[in-house]
Amino acid sequence: MLGISSFTSTSNKPPLILVADDDTTMRLLLREAMEQEGYRVVEVSNGKECLDAYTAVKPDLILLDVVMPTMDGFTCCQQLMQIAKKNLVLALGSLDVSGFGNSLISTLWARTPILMITGLDDPDSVDRAFEAGASDFVTKPIHWAVLRRRVRKLLQQGQVYKQLEAANQALQQLANEDGLTGLANRRRFDQYFNSQWLELAQQRSPISLILCDIDFFKLYNDKYGHPAGDICLQKVANVLKDTAQKYQDLVARYGGEEFAVILPHTHDRGALHVAAAMQAGVRELKIVHSGSTVSQFVTLSLGIATVIPNFETSPLALIEAADKALYQAKAEGRNRIIIKHI
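Owing to the predicted nature of the structure, the values given are computational and were not obtained by experimental measurement. (Residues numbered from 1 in each chain as written. Predicted model: local features only at pLDDT ≥ 70, side-chain atom pairs only at ≥ 80, totals over all residues. Heavy atoms only, no water.)

## Side note on the pattern of salt bridges
Across all of its chains, the model carries 13 salt bridges by this definition. Between arginine 148 and glutamate 37 there is a salt bridge; the shortest N-O distance is 3.8 Å. Of the two residues, arginine 148 sits in helix α6 (residues 144-176) while glutamate 37 sits in the loop between α1 (24-36) and β2 (40-44), which places them 111 residues apart along the sequence. Given a relative accessible area of 29%, glutamate 37 falls into the partly exposed group. (Salt bridge = Lys/Arg side-chain N within 4 Å of Asp/Glu carboxyl O. Helix = DSSP H or I, 4+ residues; strand = E, 2+ residues; numbered from the N terminus. Buried < 20%, exposed > 50% of the residue type's maximum accessible area, 1.4 Å probe, protein only.)

Listed below in structure tokens is the structure:
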């Protein structure tokens, strides 16, 4: 048996096949058949080892026996689908996939197809295999030419999926990213804010929102021109992004010269600390702004609001509170931070 840790799934290596079968002779035959096709192989002898190996090596295809000790193939396949579902939740973040059925997840998870091998050829067993999430099946005794064709077909389908997935990720990034600053755009802000609100409402944990404006930015554009204004926006955006402290924090371009920062699991004092650091970071850029009446350099006005979300309160209440705080900061002379409590 080859060591699991010695393999990594990369595009410049032959496909990696994970073989799960408790029969030593059958594993040897499957290994030889797959290696003759030029594939790499990892072997395990039961369903539990299959789950561990899948997580460790990320195979391109799984050959899964139905009848095994410790955990049979049906149960193992179902557990693999649960791993896939959790991965989708993490990857899609803002989407609710709790209602996804096995067939849809199997479609999205086609990059790791499962070919079940069974000595049970009755209709009920075949139905159970597909219901558990299998992509295809072969029966024992194995017709080796059939197995090779089905493996080749599933790997080809997986490769097409990877190409589509890469293209989709690129499109998704374009759809969620502000083209000028590279920050999250308003669409991504709305998605993330709503998903965090629901999650934190369940956890009874706080969320803070910072809204900030570049002071007298229209005068800056009028004085120095729009190309200089774009550079100013980019520099300010980089400060905000670099100052955000936790991986959950999201910095977005909210519109024009206005930015928004979502701070999950953050009380007002923590948000004030982040806002002050952002304000100081922009000040330290020393971007000359002769049209400003509060400083010779570009400055920020910031509004902060904090709340513990609940299902009876609209997320818009937090946005409105932060917006009022920002308005007050500008009305009181700009280049300052105001906090509103809900």
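## Here's the deal with the pairing of strand β7 (residues 250-255)
Within β7, 5 of the 6 residues are buried, which leaves it mostly tucked inside the rest of the structure. Alignment of β7 against strand β8 (residues 258-264), held across 5 bridges, turns out to be antiparallel. Directly across from leucine 250, in β8, lies its bridge partner isoleucine 262. The turn joining β7 and β8, which pair antiparallel and follow one another in sequence, is formed by 2 residues; a positive phi near 60° is taken by glycine 256. (Pairing = 2+ DSSP bridges.)

## Digging into the packing of aromatic side chains
Using the criterion set out here, one finds 6 aromatic pairs in the structure. With 5.1 Å between their ring centres and 80° between their planes, phenylalanine 189 and tyrosine 254 make a pair best called edge-to-face. Placement of phenylalanine 189 in helix α7 (residues 186-203) and of tyrosine 254 in strand β7 is noted, with a sequence separation of 65 residues between them. Since its relative accessible area comes to 13%, tyrosine 254 is described here as buried. With 6.1 Å between their ring centres and 10° between their planes, phenylalanine 217 and tyrosine 220 make a pair best called stacked. Taken as a pair, phenylalanine 217 and tyrosine 220 lie in helix α8 (residues 217-224) at a separation of 3 residues, close to a single helical turn. (Phe/Tyr/Trp six-rings, centres within 6.5 Å; stacked < 30°, edge-to-face > 60°.)

## Quick notes on the sheet that holds strand β3 (residues 61-65)
Spatial strand order, β2-β1-β3-β4-β5: 5 strands in an open sheet with parallel pairing. Because the sheet does not close on itself, it has two edges, and the strands there are β2 and β5 (136-139). Pairwise comparison of adjacent strand axes, ignoring direction, gives a mean angle of 20° for this sheet. Looking at chain direction, β3 and strand β4 (residues 114-118) are connected through 4 bridges and run parallel. (Axes fitted to C-alpha atoms, helices over the stretch in contact; angles between N-to-C directions.)

## Here we look at the environment of isoleucine 339
With respect to the helices and strands, isoleucine 339 occurs in strand β10 (residues 337-341). Residues isoleucine 339 and alanine 305, 34 residues apart in the sequence, show an inter-C-alpha distance of 5.8 Å. When neighbours within four sequence positions are excluded, isoleucine 339 is seen to be in contact with Asp268, Leu272 and Ile304. (Contact = heavy atoms within 4.5 Å.)

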